[in-house]
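Listed here are the chains, written in short residue letters.
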Amino acid sequence: MQFARDTKILSALLTLAACLAWSSPPAFAFYPDRTIRIVVPFAPGGGTDVIARTLAQEMAKDLGASIIIENKPGAGTIIGTQSVAASAPDGYTLLMGTFANAVNPSLNAKLPYDAHRDFAAVALIARSFNLVVVNPASPIKSIADLIAVAKAEPNKLSYGTYGTGTSAHLAGELFKHMAKVNLTTVPYKGAAPAITDLLGGQIQVIFTTVASAASLVAAGQLRAIAVTSAERSPAFPQLPTVSEAGVAGYAAEAWYGLYAPAKTPPDIIDLLNKSAAKAVQSEAFKKLGVNEGLVMVAEPPEALDRYFSVEETRWRKVIQDAGIKIE
């Protein structure tokens, strides 16, 4: 009798526990119930900052929550990136990742975080490309011309770059490697001084962002001869890709991806991914796409993981072959 009574009591307790578990919503059921931060590891005003702010604005509408941007520049994006890696995996601290995330492991002997282990991919937001530009008075009017002149006079031509390991810098290094030409690299502290010297004839070519050069190209102050993306850009349909212009297989892109700290609940990742996918369909993003030369993507987390791995591998070889290091 005692055993039967104990069994009934135990059964009742188990049933009660099951009911309580069923009726208690998981923590993420109320997500988001406070402000979400997107950390941008660059100073305010740059391309990444503009994209992050547009994303935050559109996702805030969809999620019904406040989303703010926190700029944490420094150490080639490492400071801001590390701050997110060390944050609680609750969906309230996110990272606007970029091309730098894929190349920093190859540029730095040691990082304070693991680019794979410490982050959970949320969404690949957009890809962009660089323009190959020359002085409009230059006899170089195509990629074929650039290669021909570079081979005829090795090391005489120089190209400007800004920021060691940036997409614009490595686009030039990849071109040198794949086209088998020698171009002297001239470093600058930003796109503006590099373009000034290009206009002045001190250097002959730049691989630069759409935002920094598009208006000058439109005004006839610079001549664009190609885009570095794998496909032609709708924004510059008249320009061939470097690949179709003579360097088969060439492609160099910048990109923007949203990340959360590792171990963030999958349900939160899924919610954020769907919200980001809606955001890039907005009119604000369409306008941004034209201005910044963006191709909107908003693919699922696993697509960002795959893309990141391919980018990390291909640029590691470029960096090693060129002997590039962060001083």
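Residues numbered from 1 in each chain as written. Predicted model: local features only at pLDDT ≥ 70, side-chain atom pairs only at ≥ 80, totals over all residues. Heavy atoms only, no water.

Enquirer: Is there a simple way to explain the packing of helix H2 (residues 47-63) against helix H9 (residues 266-279) in this structure?
Expert: At a minimum axis distance of 9 Å, the contact between H2 and H9 shows a crossing angle of 115°. In terms of crossing hand, the pair formed by H2 and H9 is right-handed. Residues Leu55, Glu58, Met59, Asp62 and Leu63 of H2 lie in contact with H9, whose contacting residues are Leu271, Leu272, Ser275, Ala276, Lys278 and Ala279. Split into classes, the residues belonging to the contact of H2 with H9 amount to seven nonpolar, one polar and three charged. (Axes fitted to C-alpha atoms, helices over the stretch in contact; angles between N-to-C directions. Helix = DSSP H or I, 4+ residues; strand = E, 2+ residues; numbered from the N terminus. Left-handed = near helix turned anticlockwise from the far one by under 90°. Contact = heavy atoms within 4.5 Å. Nonpolar A, V, L, I, M, F, W, Y, C, P; charged D, E, K, R; others polar.)

Enquirer: Got a minute to help me understand the pattern of salt bridges in this structure?
Expert: This model, assessed by the stated rule, comprises 17 salt bridges. Linking Arg37 and Glu70 is a salt bridge whose minimum nitrogen-to-oxygen distance equals 2.5 Å. In this pair, Arg37 is assigned in strand E1 (residues 36-40) and Glu70 in strand E2 (residues 67-71), connecting sequence segments 33 residues apart. Overall, Glu70 belongs to the partly exposed group, its relative accessible area being 23%. (Salt bridge = Lys/Arg side-chain N within 4 Å of Asp/Glu carboxyl O. Buried < 20%, exposed > 50% of the residue type's maximum accessible area, 1.4 Å probe, protein only.)

Enquirer: What should I look at first to understand the packing of aromatic side chains in this one?
Expert: Ring pairs (aromatic) are described by centroid distance and by the angle formed between their planes. Counted under the stated rule, the structure contains 10 aromatic pairs. Ring centres 6.2 Å apart and planes at 85° place the aromatic pair Trp255 and Phe308 in the edge-to-face group. Pair noted here: Trp255 is in strand E9 (residues 253-261) and Phe308 is in helix H11 (residues 301-322), with a separation of 53 residues, a long-range link. The same class applies to Trp255 and to Phe308, which are both buried. By the ring-pair criterion, three or more aromatic residues cluster together here, those being Tyr159, Phe175, Phe207 and Tyr250. (Phe/Tyr/Trp six-rings, centres within 6.5 Å; stacked < 30°, edge-to-face > 60°.)

Enquirer: Help me understand the nonpolar core, please; the structure alone is not making it clear to me.
Expert: Ile143, Phe175, Tyr250 and Trp255 are the most contacted members of the largest nonpolar core, which has 48 residues in total. With six residues, the top contributor of residues to this core is H11. Each residue touching Phe175, except ones within four places of it in the same chain, is listed here: Ile143, Leu146, Ile147, Lys180, Val181, Leu183, Phe207, Val242, Val247 and Tyr250. Ranked by size, the runner-up nonpolar core spans 34 residues in total, among them Tyr31, Met59, Ala60 and Met96. (Core = buried A, V, L, I, M, F, W, Y, C linked by side-chain atoms within 4.5 Å.)

Enquirer: Can you help me understand helix H7 (residues 191-200) in this one?
Expert: In an α-helix there are 3.6 residues to a turn, and that puts residues three or four apart on one side. Among all positions of H7, only Ala191, Ala194, Ile195 and Leu198 are buried. Around the axis of H7, the buried residues are gathered within 95° of arc, so they sit on the same side. Those residues of H7 that are exposed and aimed more than 90 degrees away from the buried face are Ala192 and Thr196. Lining the buried residues of H7 we find strand E4 (119-134), strand E5 (158-162), strand E6 (184-188), strand E7 (205-209) and helix H8 (210-218). (Arc of directions from axis to C-beta.)

Enquirer: Even after reading the chapter, I still don't get unusual backbone geometry, so can you show me in this structure?
Expert: Note on backbone geometry: most residues besides glycine have negative phi, and most peptide bonds are trans. Going from Tyr31 to Pro32, the amide bond is cis rather than trans, its omega being -5°. Look at Thr77: it is not a glycine, yet its phi comes out positive at around 85°. Looking at the secondary structure, you find Thr77 in the loop between E2 and helix H3 (78-85). For Thr77, a relative accessible area of 4% puts it in the buried group.

Enquirer: How should H8 be read in this particular structure?
Expert: All buried positions along H8 are accounted for by Val210, Ala213 and Leu216. End-on, the buried residues of H8 take up no more than an arc of 150°, which puts them together on one face. Exposed side of H8, more than 90 degrees from the buried face: Ser215 and Ala218 are the residues found there. Buried residues belonging to H8 abut E4, H7, E7 and helix H10 (283-292). Of the residues trailing H8, Gly220 is marked for its positive phi of about 80°.

Enquirer: Where do I start with the side chain of Ser83 in this structure?
Expert: On the secondary structure map, Ser83 appears in helix H3. One polar contact links the side chain of Ser83 to the main-chain carbonyl oxygen of Gly80, over a distance of 2.6 Å. Setting aside residues no more than four positions away along its own chain, Ser83 makes contact with Val39 and Lys72. (Polar contact = N/O pair within 3.5 Å; in protein donor to acceptor, adjacent residues only side chain to side chain.)

Enquirer: So what exactly am I meant to see when it comes to the pairing of E1 here?
Expert: Successive side chains on a regular strand alternate, one facing one side of the sheet and the next facing the other. Judged by how many residues are buried, E1 sits mostly within the fold: four of five residues are covered. Inspection of the sheet shows E1 paired to E2 by five bridges, in the parallel sense. In the strand pairing of E2, Ile38 is matched with Ile69. Chirality of the crossover, the property in question, places the unit of E1, H2 and E2 among those that are right-handed. Inspection of the sheet shows E1 paired to strand E3 (residues 93-98) by three bridges, in the parallel sense. (Pairing = 2+ DSSP bridges. Right-handed = clockwise from strand over helix to strand, strands pointing away.)

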